[in-house]
Amino acid sequence: MKNPTFISELHKKLGAPTSEIVDSLRLLKAFVKLAPPQRYEVIEMAERLANDDSPSSEHPLS
């Protein structure tokens, strides 16, 4: 995507991406680079955290 004309046309049509979209794309790019077993672990962890109703120190984010 080094073609400035293409990028400017996209910017006109779509507008500037939000920081949330940029962060999401970075995470997706990193996720795709993981090996399949690691992807599975990440999905399981995310599902476990999403289903956890009470925030606790059992699941540190770092």
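In the block above lies the structure referred to throughout.
Residues numbered from 1 in each chain as written. Predicted model: local features only at pLDDT ≥ 70, side-chain atom pairs only at ≥ 80, totals over all residues. Heavy atoms only, no water.

With that settled, consider the overall build of the protein. When its secondary structure is counted, the protein shows three helices and zero strands. Mapped in sequence order, the helices and strands of the protein form the string α-α-α. Within the protein, buried positions represent 0% of all 62 residues. Of the roughly 6000 Å² of accessible surface on the protein, 61% is carried by carbon and sulfur atoms. (Helix = DSSP H or I, 4+ residues; strand = E, 2+ residues; numbered from the N terminus. Buried < 20%, exposed > 50% of the residue type's maximum accessible area, 1.4 Å probe, protein only. Areas by Shrake-Rupley, 256 points an atom, 1.4 Å probe, with all protein chains shown as cover.)

As a further point, take the environment of arginine 39. For arginine 39, the location among the structural elements is in helix 3 (residues 36–51). Overall, arginine 39 belongs to the partly exposed group, its relative accessible area being 29%. What arginine 39 contacts, discounting residues up to four positions off in sequence, is Phe31, Val32 and Leu34. Looking at arginine 39, its side chain comes within polar contact range of the main-chain oxygen of leucine 34, at 3.0 Å. (Contact = heavy atoms within 4.5 Å. Polar contact = N/O pair within 3.5 Å; in protein donor to acceptor, adjacent residues only side chain to side chain.)

Let us now look at a nonpolar patch on the surface. A contiguous nonpolar patch, built from Phe6, Ile7, Leu10 and Leu14 and spanning about 370 Å² of accessible area, is present on the exposed surface. Residue placement: leucine 14 occurs in helix 1 (residues 4–14). Under the relative-accessibility criterion, leucine 14 is labelled exposed at 68%. (Patch = residues over 30% accessible without salt bridge, like charges linked within 9 Å, V, L, I, M, F, W, Y side chains within 5 Å. Salt bridge = Lys/Arg side-chain N within 4 Å of Asp/Glu carboxyl O.)

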